[in-house]
Amino acid sequence: MCINPNFHFLFTLEVPVPSEEVLFRNPEDFKNLQSLLICGGELTDAGVKNLKDLVCLTWLNLSQNRSLTDKSLEVISGLTALVSSNISNSRITDEGLHYLKPSKNLRSLTLEYSMVTASEIRKQQSTALPNLVSFRPE
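This write-up is about the structure you can find in this document. Within any chain, residue numbers begin from 1 and follow the written order of that chain's sequence. Whole-chain, interface and lining totals are the exception, using all residues; otherwise, since this is a predicted model, local features are given only for residues with pLDDT of at least 70 and side-chain atom pairs are given and counted only at 80 or more. Note: side-chain values were computed over all heavy atoms of the structure, leaving out hydrogens and water.

1. Focus: unusual backbone geometry
Thinking step 1. For the peptide bond that leads from R136 to P137, omega is 10°, which places it in the cis range.
Thinking step 2. Within the fold, P137 resides in the segment after β6 (134-136).
Thinking step 3. Phi is positive for N89, close to 55°, though the residue is something other than glycine.
Thinking step 4. Segments assigned H or I by DSSP are reported as helices when at least four residues long, segments assigned E as strands when at least two residues long, and all are numbered from the N terminus. Mapped onto the elements of the fold, N89 is located in the loop between β4 (84-86) and β5 (108-110).
Thinking step 5. Summary of the burial criterion: residues with accessible area below 20% of their type's maximum are buried, those above 50% are exposed, and those between are partly exposed, where the area comes from a 1.4 Å probe applied to protein chains only. With a relative accessible area of 16%, N89 lands in the buried category.
Thinking step 6. Within the chain, Y113 stands out as a residue other than glycine whose phi angle is a positive 55°.
Thinking step 7. With respect to the element layout, Y113 can be found in the loop between β5 and α3 (118-127).

2. Focus: the pattern of salt bridges
Thinking step 1. Here, a salt bridge means any Lys or Arg side-chain nitrogen found within 4 Å of an Asp or Glu carboxyl oxygen. Inspection of the entire model under this criterion finds two salt bridges.
Thinking step 2. Note that K52 and D53 form a salt bridge whose closest N and O atoms lie 3.3 Å from each other.
Thinking step 3. On the accessibility criterion, D53 (37% relative accessible area) is partly exposed.
Thinking step 4. Close ionic contact of E112 with R136 constitutes a salt bridge, the shortest N to O distance being 4.0 Å. Of this pair, E112 sits in the loop between β5 and α3 while R136 is found in strand β6, placing the two residues 24 residues apart along the sequence.
Thinking step 5. On the accessibility criterion, R136 (39% relative accessible area) is partly exposed.

3. Section: the environment of K104
Thinking step 1. With respect to the helices, strands and loops of the structure, K104 is situated in the loop between β4 and β5.
Thinking step 2. For the pair K104 and P130, spaced 26 residues apart in the sequence, the C-alpha separation amounts to 7.2 Å.
Thinking step 3. Apart from the residues within four sequence positions on either side, K104 is in contact with A128 and N131.
Thinking step 4. Reaching out from K104, the side chain makes a polar contact with the backbone oxygen of A128 at a distance of 3.1 Å. By definition in these notes, contact holds between two residues if any of their heavy atoms fall within 4.5 Å. Pairing of N or O atoms within 3.5 Å defines a polar contact, subject to two protein rules: one partner must be a possible hydrogen donor and the other a possible acceptor, and residues neighboring in sequence count only if both atoms are side-chain atoms.

4. A word on α3
One turn of the α-helix equals 3.6 residues, which is why residues spaced by three or four share an orientation.
Thinking step 1. Within the span of α3, buried status applies to A118, E120, I121 and Q124. With its buried residues spanning 160° around the axis, α3 presents them on a single face. What points out from α3, more than 90 degrees from its buried face, is the exposed set S126 and T127.
Thinking step 2. Residues of α3 that are buried in the fold lie against β6. The arc in question is traced by the directions running from the helix axis to the C-beta atoms.

Bear in mind that shape data such as this cannot, by itself, settle questions of function.
Structure follows, in C-alpha cells:
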C-alpha cells in the first residue's frame, strides 16, 4: 500500500524549478507520491534517476524539459504503476520507446514535440503496451 506516515495527505507534488542537487534528497519521504509535475525546467536524465524509487506514481508530467533523452524512459520504465505520462518537448526518440515495455498500466502517453513518431507508438501499442488508449503524436 502506498501510504507514508510523514506525508499522509501529500498525493501530488508540483516542482516549479527543480534543482537536481535538492530534488528528492530524501526519496523515502516521497515514496508514496502518486502524482508529480516537473515542467519547464532544466531537468536532465541525471535528475530523472532520482525518481526511480517513486513506485506509487500513477501520473507523471516532465514536459518542457528539453534535455531529457531515452535514458529517462529507461528510468521511468521502472515506475510500473504509471498510468499517464507526458514528456513532451524532449529529445526522446523512437528507439527509446522499447524501454516502456514493462509499463503495462500505461494508458496515456504524450510525447509531442519530441523525436517520436505516431507510427512507432502504434507499433508499441500493438505489441508491448496493450493498455495504451491515448497517445500523442497521433
